[in-house]
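# Fold and contact review
Listed below, chain by chain, are the residues.
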Amino acid sequence: MQNGEANVSATAQTSKRVSLLNRLYGLNGRILFGGALVLFIVILAIAAPLLATHDPLRVRMSDRLLPPSFDNWLGTDNNGRDVYSRIVYGARISVLVGSAVVILSTFFGTLIGLIAGYYRRMDGPMMRFMDAVMTFPSILLAIAIIAALGASAQNVIIALTVSFVPHTARVVRGKVLSVREETYVESARAIGLGDTRIILRYILPNTLAPLMVQATFILALAIIAEAGLSYIGAGTPPPTPSWGNILADGRAFLNNAWWMTTFPGIFIMISVLGLNILGDGLRDLLDPRMENNR
Amino acid sequence: MTYSATGFGSQDQNNAKVLQVENLETHFITRAGVLKAVDGVSFHIHAGETVALVGESGCGKSVTALSLLRLVPNPPGEIVGGRILLDGDDLLEMSQSEIEDVRGDRAAMIFQEPLTALNPILNVGNQLSEVILRHTKASKREARALVLDMLKRVGISDPESRLKAYPHQLSGGMRQRVMIAMALLANPALLIADEPTTALDVTIQAQILELMRDMRDQTGAAVLMITHDLGVVAEMADRVIVMYAGRIVESAPVRTLFASPAHPYTLGLMRSTPNLTTQRGELSAIPGLVPTLAALKDMEGCRFAPRCAFASQKCREHEPPLENASNDQSVRCWHWDQVLASQVAV
Amino acid sequence: MIEKGHQVNPMGQMPGKSGDELLRVTGLKKYFPITAGVLRRVVGQVRAVEDVTLSIRSGETLALVGESGCGKSTTGRLLLRLLEATSGDISFEGKDIRKLDRRQLREMRREMQIIFQDPFSSLHPRMTVRNLIAEPIAFHGLAKGRSEIDEQVDRLMETVGLSPANRNRYPHEFSGGQRQRIGIARGLAVRPKFIVCDEPISALDVSIQAQVLNLLSQLQRDNGLTYLFISHDLSVVRYISDRVAVMYLGSIVEMAETAKLFAAPRHPYTSALLSAIPVPDPSLERAGRVILEGDVPSPSNPPPGCAFNPRCQFAESRCRVETPKLRPIAAPDGTSTQVACHFAEKIDLKGVGPNVPAAGQ
């Protein structure tokens, strides 16, 4: 018996190790590539003062609309400001707004999702309200909120959080509904554990995987939304650089200064692409169905 | 009903080997290595005979059944060796379209859970007609008449109205009857039943087993029955093949096997299953665990040795061959004579 | 093993006759509403448990047998208040379980435990064996400090036949039988008096089932445990239980001592159930076998009168109108059996088992 037991466990151990390695190896591509792109943007934001070659706010009308050169790597805008430096500083706004929205919407969304999913009685009213919020396209909802509160980075965060909370709540609730029916949750009740402890120890840990995936997509959406809001003037107010308002400035000069729109566009693309690739990779890594594929 | 004479059987129909499996090897190629789910399995079934394939999860009985119709999911599964002769034709040599013609026609399968084996979006009538239309030149009207007749034969009450029912609208027992009807529509020479009553309640199981016996007697098909339930084996089978860890460990006529099992594993299975005469404290469990295929990769010697009360040093070093304990009983054990002797002593 | 806090059953005594009444259930009902539409209007009820009355004596094993959907698992959960009953009384050692408040219920969880059917879904996959077993000990304050808890965990693991060296492993690293042992250790950790075993072996391999059955028997002997053993497998029930209650469509139709129920069933359903068991003996010809026709009716739409009447060969017009009550009837040997059948005295039924040709007389 001991013999057999040792045998089997040993195999379980090796196969687990092998499969984890394999999975990491298989996902290397996407998670590493996506992660690298995201890391690149984050470093840009954190080290902006070191990386910028010029003061992003300094206006020098003599240097208006210069094409990319050795001095101004990505050219200058209509006010003679260095586009590269503005993009680098703009990354700060994107990352700041993005991560704040992710943290806040994850927190509130998880809270609502846990309560709605665990307590049947709360489910109907709470989720109907969330559905109502979700029926507004998130960008329109954000514009409406900003119209009421005024345009600032802080209000962009509030607006985007409100529009993303229902999505997170829905993901969490779905997971809670399925985990709640697991026998091991019943087993926790059978030994006497209370609701709070069951939610924290048995249910919350199961929602982390889908939450992580959800977070990467929200981050991407928030970055796009922030840029979009700034582009139409409902986001970060000028002169503070944000990818959206850099794009907006370039709109009038599409014909004679392509660099003003192309480069911020490329950066938005890099960050969103990176996040989506990372999110896809994470989803496959954390998908329990993958575990059964051994 | 006639069967083509085969290269193996005599002219006598009852002795015709409908199915002859020789040295079947089905492997699963996984990242953890090659797992030999079916490792050199040989057996045959005569017309009108029911052979039970018995064993626990992971012993390879279901993979054997799936291999017969080349239904093992590939990848990771692959039939790497052996021959499967259905009335003399080697199924492993056939092209994809040829084997598809065999499935549901010359050989049919009944699954454990009919709800997942039946197409949920086709009603019973269309689902069953499809089998006939696929394998014969019958018209839709003829097919429908045949289906109706078959549903009556498998004991479905009010078959006309059942034709329009969808699988989820039927009870478990009813679904299994539909499954059996579907399997028998094309008059298969070989019927493979993979745990056909495991998902059913005991009173429904009794109905289905009786139906299967009737159908076998009526059609004269060769039946391969996969099960882990010794009670079902005793009621259904003519011969029994016991599998353990991918290998056949014992094969015998049903009465011989139950009266004098020659393999320690067979004996252990019988002693660890309570029946209606087992007294308290009489149940002796087989110690240890059912081995996983991965654990067997580097194993030398007999695969049952770690759990076996009869095991000797020889067993741990050399795997025994399948040898004849008597005319019709073969066993893979070095000490089968001791196993038989121990039962006389008790 | 686990000595403290237990009234140890004197050995050698017939367990079925030993103890006082530990648990009494009277008129237990559980209806699940069927809702339809957006407004979740209640359009009907699934009568999962229609009328269950039973009592369990300390130290015995009462088996609850029936086919899927008969309400046996629901009954087990109602007893532990893992589900709330619609009506009825559950009294455990004289305390009314249904009236306990939250705190009292938590205390009660120490007395009554459950072992689940599926060892794969009943253990939290992210907890180690040590934590799974330690959780109830720590939660109920049954040990002080980490070392004392670990000591108890190790002892429990040994009790159920697991090597304590494996305490830091996760459930997925174990086989089904071993996981079931972990589940048993977790249930035992609070030193309960009463355990509901909900089909504890039906998900296990045949050769492993006997191991777990023997373990449960041994634990009962060592700790004076009382079991409600829920199962659909009559051979297993016959082996492990002292008394058997047979359920059909939410109600108990017969309750008797195990040997008597198998040898001389008094309800037609019991007899049919016994007759349907496949017996692992090919030399046995099952003459006069009763094969029930039809399916179990839906508990949302039970037939009027006796729930079994559409499948019963003895049914008469009275059965289609009047629901029979569970009532004691005298057996020839002076003992009594509880049966819910109008004609229990008149019909002649077959039993199974050794040396029992026919019952009824």
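Looking at an unreviewed UniProt entry, chain B carries the name ABC transporter ATP-binding protein, with the source organism given as Pelagibacterium lentulum. As its UniProt record puts it under Subcellular location (unreviewed entry), chain B is described as follows: "Cell inner membrane". As its UniProt record puts it under Sequence similarities (unreviewed entry), chain B is described as follows: "Belongs to the ABC transporter superfamily."

An unreviewed UniProt entry lists chain A under the name Peptide ABC transporter permease, with Pelagibacterium lentulum as the source organism. Note on chain A: under the UniProt heading Subcellular location (unreviewed entry), the record states "Cell membrane". UniProt, in its Sequence similarities (unreviewed entry) section for chain A, records the words "Belongs to the binding-protein-dependent transport system permease family."

## Considering the overall build of chain A
When helices and strands are tallied, chain A shows 11 helices and zero strands. Ordering the α and β elements of chain A from the N terminus gives α-α-α-α-α-α-α-α-α-α-α. Within the span of chain A, comprising 294 residues, buried residues form 43% of the whole. Considering only intrachain contacts with a sequence separation of at least 6, the fraction spanning at least 24 residues in chain A is 69%.

## Some thoughts on the overall build of chain B
In terms of regular secondary structure, chain B is built from 14 helices and 12 strands. Over its C-alpha trace chain B gives a radius of gyration of 21 Å, about what one expects of a compact globule, namely 20 Å for 346 residues. Along the longest, intermediate and shortest principal axes, the C-alpha atoms of chain B span 65 × 50 × 45 Å. Among the 346 residues that make up chain B, the fraction classed as buried is 53%. Across chain B, the fraction of contacts at a sequence separation of at least 24, relative to all contacts at a separation of at least 6, is 65%.

## Comments concerning the interface of chain C and chain B
Facing the 35 residues of chain C at the interface are 39 residues of chain B. The set of elements that each furnish at least two residues to the side of chain C that touches chain B consists of helix H7 (206-223), helix H8 (234-240) and helix H10 (268-276) of chain C. In the side of chain C that touches chain B, the residues fall into 19 nonpolar, 11 polar and five charged.

## Notes on the packing of helix H3 (residues 83-118) of chain A against helix H8 (residues 195-231) of chain A
All names here are of chain A. Two elements in contact, H3 and H8, have axes separated by 8 Å at closest approach and are oriented at 145 degrees. Between H3 and H8 the crossing geometry is right-handed. Along the contact surface, H3 presents Ile93, Ser94, Val97, Gly98, Val101, Val102, Ser105, Thr106, Thr110, Leu114 and Tyr118, while H8 presents Ile199, Ile203, Leu204, Thr207, Leu211, Ala215, Ile218, Leu219, Ala222, Ile223 and Glu226. For the contact of H3 with H8, the class distribution of residues is 15 nonpolar, six polar and one charged.

## Describing the packing of H3(A) against helix H4 (residues 120-135) of chain A
Residues and elements named next belong to chain A. Where H3 contacts H4, the two axes come as close as 7 Å, and the packing angle between them is 140 degrees. Considered as vectors, H3 and H4 are oriented oblique to each other. Here H3 runs over H4; the crossing is left-handed. When H3 is examined against H4, the residues Ile112, Ile115, Ala116 and Gly117 are found in contact with a partner set consisting of Met122, Asp123, Met126, Met127 and Met130.

## Considerations on the UniProt feature "domain: ABC transmembrane type-1" (unreviewed entry) in chain A
Following the UniProt record, the feature "domain: ABC transmembrane type-1" (unreviewed entry) maps to residues 91-279 of chain A here. Secondary structure across residues 91-279 of chain A divides into 84% helix and 0% strand, with the first and last C-alpha atoms of the span separated by 20 Å.

## So, the sheet that holds strand S2 (residues 33-46) of chain B
All names here are of chain B. The antiparallel open sheet is built from four strands, whose spatial order is S2-S1-S4-S5. Across the chains shown, the open sheet's two edge strands, defined by having one partner strand only, are S2 and strand S5 (89-90). Across two bridges, the pairing between strand S4 (residues 77-86) and S5 is antiparallel. Its bridge partner being in S5, Leu85 is matched across the sheet by Asp90. Helix-sheet contacts for helix H1 (residues 61-68) involve strand S1 (17-30), S2 and S4, and the interaxial angle to S2 is about 70 degrees.

## Regarding the UniProt feature "transmembrane region" (unreviewed entry) in chain A
Residues and elements named next belong to chain A. Per the UniProt record, "transmembrane region" (unreviewed entry) is found at residues 31-52, 95-119, 139-165, 211-234 and 257-279. As a span, residues 31-52 carries 91% helix and 0% strand, and end to end its C-alpha atoms are 28 Å apart. Spanning residues 139-165, this segment combines 89% helix with 0% strand, and its end C-alpha atoms are found 14 Å apart.

## Examining the sheet that holds strand S9 (residues 239-244) of chain B
Residues and elements named next belong to chain B. With mixed pairing, eight strands are arranged side by side in an open sheet as S6-S7-S8-S3-S9-S10-S12-S11. With partners counted over all chains shown, the strands left at the sheet margins are strand S6 (107-110) and strand S11 (323-324), one partner each. Where S6 lies against strand S7 (residues 190-194), four bridges are found, and the strand directions are parallel. Bridging from a neighbouring strand, Ile110 pairs with Ala193 of S7.

## Some words on unusual backbone geometry
In this chain, A:Pro238 is followed by A:Pro239 through a cis amide linkage whose omega measures 10 degrees. Within the secondary structure, A:Pro239 sits in the loop between H8 and helix H9 (243-251). Phi is positive for B:Glu195, close to 45 degrees, though the residue is something other than glycine. Take B:Glu195: it is sitting in the loop between S7 and helix H8 (202-219).

## Describing helix H2 (residues 72-79) of chain C
Residues and elements named next belong to chain C. Where burial is concerned, most of H2 is hidden: eight out of the eight residues are buried. By the burial criterion, the buried members of H2 are Lys72, Ser73, Thr74, Thr75, Gly76, Arg77, Leu78 and Leu79. With its phi angle positive at about 55 degrees, Arg81 sits one or two positions after the end of H2.

## Describing H9(A)
Every α-helix carries 3.6 residues per turn, so stepping three or four residues along brings you back to the same face. All names here are of chain A. For H9, a buried count of eight out of nine residues is recorded, marking the element as mostly surrounded by other parts of the structure. For H9, the set of buried residues is Trp243, Gly244, Asn245, Ile246, Leu247, Ala248, Asp249 and Gly250. Buried residues along H9 sit in contact with H3, H8 and helix H10 (259-286).

## Quick notes on the pairing of strand S7 (residues 194-198) of chain C
All names here are of chain C. Counted residue by residue, S7 has five buried out of five residues, so it is predominantly covered. By the alternation rule, side chains of S7 split into Phe194, Val196 and Asp198 and Ile195 and Cys197, which are all buried. The sheet contact formed by strand S6 (residues 112-115) and S7 spans four bridges and is parallel. Along S7, the bridge assignment pairs Met112 with Phe194. As paired elements, S7 and strand S8 (residues 226-231) share five bridges and run parallel to each other. Its bridge partner being in S8, Ile195 is matched across the sheet by Tyr227.

## Here we look at the confidence of the model for chain A
All names here are of chain A. On average, chain A scores 83 in pLDDT, and the residues at 70 or more come to 88%. Within chain A, helix H11 (residues 288-291) has the poorest average pLDDT of any element, 48, and H3 the best, 92. Confidence drops under pLDDT 50 across residues 1-18; counting only partners more than four residues distant or on other chains, this segment forms 27 contacts. Note on residues 289-294: pLDDT is under 50 here. Beyond four places in sequence and across chains, it has seven contacts.

What counts, and where the lines are drawn
Each residue is numbered by its place in its chain's sequence as written, counting from 1. All chains are assigned letters beginning with A, and all ligands numbers beginning with 1, in the order in which they are written. The model is predicted, so local features are restricted to residues of pLDDT at least 70 and side-chain atom pairs to those at 80 or more, both for listing and for counting; the totals for chains, interfaces and linings are taken over all residues. UniProt positions are given in the numbering used here, feature names are shortened, and annotations may be inferred rather than shown by experiment. Helix and strand assignments come from DSSP, with helices taken as H or I runs of at least 4 residues and strands as E runs of at least 2, each series counted from the N terminus. For the exposure call, what matters is how many other C-beta atoms sit within 10 Å of a residue's own: 20 or more marks it buried, 12 or fewer exposed, and in between partly exposed, using C-beta atoms placed from the backbone. With C-beta atoms placed from the backbone, a contact is any residue pair whose C-beta atoms sit within 7 Å. Two things to know: the radius of gyration comes from C-alpha atoms, and the globule rule equals 2.2 Å times the number of residues to the power 0.38. Gly is put with the polar residues, along with every residue not named as nonpolar or charged; the nonpolar set is Ala, Val, Leu, Ile, Met, Phe, Trp, Tyr, Cys and Pro, and the charged set is Asp, Glu, Lys and Arg. Each axis is a line fitted through C-alpha atoms, taken for helices only over the stretch in contact, and angles between the N-to-C directions span 0 to 180 degrees. In a left-handed crossing the near helix is turned counterclockwise from the far helix by less than a right angle, and in a right-handed crossing that turn is clockwise. Note that the term roughly parallel is reserved for angles under 35 degrees, roughly antiparallel for angles over 145, roughly perpendicular for angles of 65 to 115, and oblique for everything else. When DSSP locates at least two bridges between a pair of strands, those strands are taken to pair. pLDDT runs from 0 to 100 and stands for how confident the predictor is about each residue.

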